[in-house]
Amino acid sequence: ARSTMQNLQRIRDARRMADIVIVNIHWGIEYATSPTVDQVRFARMMIDAGASAIIGHHPHIPHGVEIYRNAPIAYSLGNFIFGSINQYQTHNIIAVVDLDRHKKTIQNLRIVPVQGTFRNGGHAVEGLTYAESTEFWQEFYLQTQDLSAETAAKLKISPNGVGEITIAQD
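Rules used in this analysis
Residues numbered from 1 in each chain as written. Predicted model: local features only at pLDDT ≥ 70, side-chain atom pairs only at ≥ 80, totals over all residues. Heavy atoms only, no water. Pairing = 2+ DSSP bridges. Helix = DSSP H or I, 4+ residues; strand = E, 2+ residues; numbered from the N terminus. Contact = heavy atoms within 4.5 Å. Axes fitted to C-alpha atoms, helices over the stretch in contact; angles between N-to-C directions. Phe/Tyr/Trp six-rings, centres within 6.5 Å; stacked < 30°, edge-to-face > 60°. Buried < 20%, exposed > 50% of the residue type's maximum accessible area, 1.4 Å probe, protein only.

### Looking at the sheet that holds strand E6 (residues 105-115)
Phase 1: With antiparallel pairing, the 4 strands of this open sheet are ordered in space as E5-E6-E8-E7. The strands lining the two open edges of the sheet, one partner per strand, are strand E5 (91-100) and strand E7 (156-157).
Phase 2: As defined by bridge partners, E7 adjoins strand E8 (residues 163-166) across 2 bridges and the pair is classed as antiparallel. Looking at E8, one finds that Ile157 is bridged to Gly163.
Phase 3: Strands E5, E6, E7 and E8 of the sheet are contacted by helix H3 (residues 130-147), whose axis makes an angle of about 115° with E6.

### Quick notes on the packing of aromatic side chains
Aromatic ring pairs: the centre-centre distance and the angle between the two ring planes describe each pair.
Phase 1: Tallied over the entire structure, the rule returns 4 aromatic pairs.
Phase 2: Where Phe136 meets Trp137, the ring centres are 4.8 Å apart and the plane angle is 70°; that geometry is what we call edge-to-face.
Phase 3: The class for Phe136 is buried, based on a relative accessible area of 5%.
Phase 4: With a centroid separation of 5.6 Å and an interplanar angle of 90°, the aromatic rings of Trp137 and Phe140 are classed as edge-to-face. Of the two residues, Trp137 and Phe140 are both situated in helix H3; the distance of 3 residues between them amounts to about one turn of the helix. Here Trp137 and Phe140 have matching classes, each one buried.

Structure representation (structure tokens):
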């Protein structure tokens, strides 16, 4: 395992070579419903080091998101195509990061809730309808609010059940 300092240096090095650096990180505690204090601290350190976005996975359960210094942090996507037979793991998310190629910035973070109990259905990823996503959005909003009330206030849910956060650029 690399040390925190080594990982931060790799991000700084990547940022010198690229306009946008997206970190995909395997972290967190399995079945926990929120990131740890150390994860939040490390995510912000990675942004400070030059990461443009953080996309996390491992806990098997989606976590809320936050925007820190105009950089989205998705702490956990859930199981995505892994699926689950656990009755409490009913939702996963797809995080879509919209880039502005001309400004070389991230403009939006879209959260697409998907069915989480599809292991027996051939692992087909199936989006939730607006009606099916209501329970997911109630929990996800509270998770996001616990991380950042400012981010939660920017979360808008469209009629198709997709959430979007517009990222204000300085």
